[in-house]
Amino acid sequence: MDLGIVGRRALVTGASSGLGLSTARALAAEGVSVMLVSRDVDRLVEAAATVIPAHGASVHVHAADVSDPSAVSTMVRSAHEALGGIDILIANAGGPPPGTFASTPFDAYEAALKLNLLSTVAMCREVVPIMKENGWGRIVAITSTSVREPIEHLILSNTARAGLTGFLKTLAREVAGHGITVNTVQPGLHLTGRLAALYPDPAALASTIPAGMVGDPDDFGHVTAFVCSEHARFMTGVSLPLDGGALRGLQ
Ligand SMILES: NC(=O)c1ccc[n+]([C@@H]2O[C@H](COP(=O)([O-])OP(=O)(O)OC[C@H]3O[C@@H](n4cnc5c(N)ncnc54)[C@H](OP(=O)(O)O)[C@@H]3O)[C@@H](O)[C@H]2O)c1
């Protein structure tokens, strides 16, 4: 299927590994020029070499910590310049450290909110005016199924991502009339560095997932690219779980 986004330009953060990288790869394969962002420039350059753009699209990198709002401003300016515009934002970063209510100090909440909530608010403040001017935009945040079913040992992630989902749902209705869609994609368990950091034997988690497998980041990237497609223009304010059937709830 042609997603109808050849020539579009995407800023993808948290893109040197895992789900951000797979999304950048899937977009580039559809002819979208991409700028990959993460903190470590060497890892970024290595990751960018695995992105194979189609239809004359280009690949760029920019090192930034998205939890710093001034770095976000610089990043958006740099993406706008390198790509000639921004049509798509994939808002993503690493996850906060694990912990329970008892083990988590107050300061850790501030860091987690900066990383997994305020970073996306800052990015949206910068890219929404650009997208409004174009009359077209796609904003997709990578969150977690923990928004629907909080995960016991991830209190920081549960807290920050629920707030982000509320922010984006509100934004979605405000900008829908400008041709901009705002959605979140909620990963369940996917085989990435983050999963390996949280669980000693990630592959063994397959037995806990009805689909009988841990998620493949490439599949995740293709679904997220579809959310950015022309065909998905009527889909906004949606939170889409990708979890192999792990969630039990109806919503
Ligand atoms: N994989 C899963 O099963 C799963 C499940 C639920 C939710 N999630 C969430 O989905 C998101 C992506 O997960 P993943 O598995 O792809 O993680 P990952 O493999 O650890 O990748 C995280 C990416 O974000 C970058 N990053 C981290 N902190 C950053 C910062 N402050 N500024 C800019 N870039 C930053 C990392 O590069 P640098 O460290 O070099 O900056 C890396 O490129 C995370 O928030 C994760 O918690 C993942």
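Definitions and limits used
Residues numbered from 1 in each chain as written. Predicted model: local features only at pLDDT ≥ 70, side-chain atom pairs only at ≥ 80, totals over all residues. Heavy atoms only, no water. Helix = DSSP H or I, 4+ residues; strand = E, 2+ residues; numbered from the N terminus. Rg over C-alpha atoms; globule rule 2.2 N^0.38 Å. Contact = heavy atoms within 4.5 Å. Areas by Shrake-Rupley, 256 points an atom, 1.4 Å probe, with all protein chains shown as cover. Lys, Arg positive; Asp, Glu negative; His and termini not counted. Charge placed at Lys NZ, Arg CZ, Asp CG, Glu CD. Near = heavy atom within 4 Å. Polar contact = N/O pair within 3.5 Å; in protein donor to acceptor, adjacent residues only side chain to side chain. Phe/Tyr/Trp six-rings, centres within 6.5 Å; stacked < 30°, edge-to-face > 60°. Lys NZ or Arg CZ within 6 Å of the ring centre and 35° of its normal.

> Can you tell me about the overall build of the protein, naming the residues and giving the values?
If you tally the helices and strands in the protein, you get 7 helices and 7 strands. Across the protein, helices and strands are ordered from the amino to the carboxyl terminus as β-α-β-α-β-α-β-α-β-α-β-α-α-β. Relative to the compact-globule value of 18 Å for 251 residues, the protein shows a C-alpha radius of gyration of 17 Å, a close match. With respect to the principal axes defined by its C-alpha atoms, the protein has extents near 45 × 40 × 35 Å. In the protein, the share of contacts with a sequence separation of at least 24, taken over all contacts with a separation of at least 6, comes to 74%. Here the protein displays about 11,700 Å² of accessible surface, and carbon together with sulfur accounts for 56% of that area. Computed over 17 positive and 22 negative side-chain charges, the inter-centroid distance for the protein is 7 Å.

> Which residues make up the site of the ligand, and what values go with them?
Around the ligand there are 30 residues in total, and S16, L19, A93, H190 and T192 lie nearest to it. The separation between an oxygen atom of the ligand and a polar side-chain atom of S17 is 3.0 Å. In the model, an oxygen atom of the ligand is placed 3.1 Å from a nitrogen or oxygen of the G188 main chain. If the ligand stood free it would expose 890 Å²; the protein chains cover 91% of that surface.

> Talk me through the packing of aromatic side chains; I want residue IDs and the actual numbers.
Considering all chains together, one arrives at 0 aromatic pairs under this definition. The ring of W136 has R8 lying over it, and the distance from NZ or CZ to the ring centre is 3.7 Å. Cation over ring: R138 sits above W136, and NZ or CZ is 4.1 Å from the ring centre.

Such coordinate-based values are descriptive only and should not be taken to indicate function.
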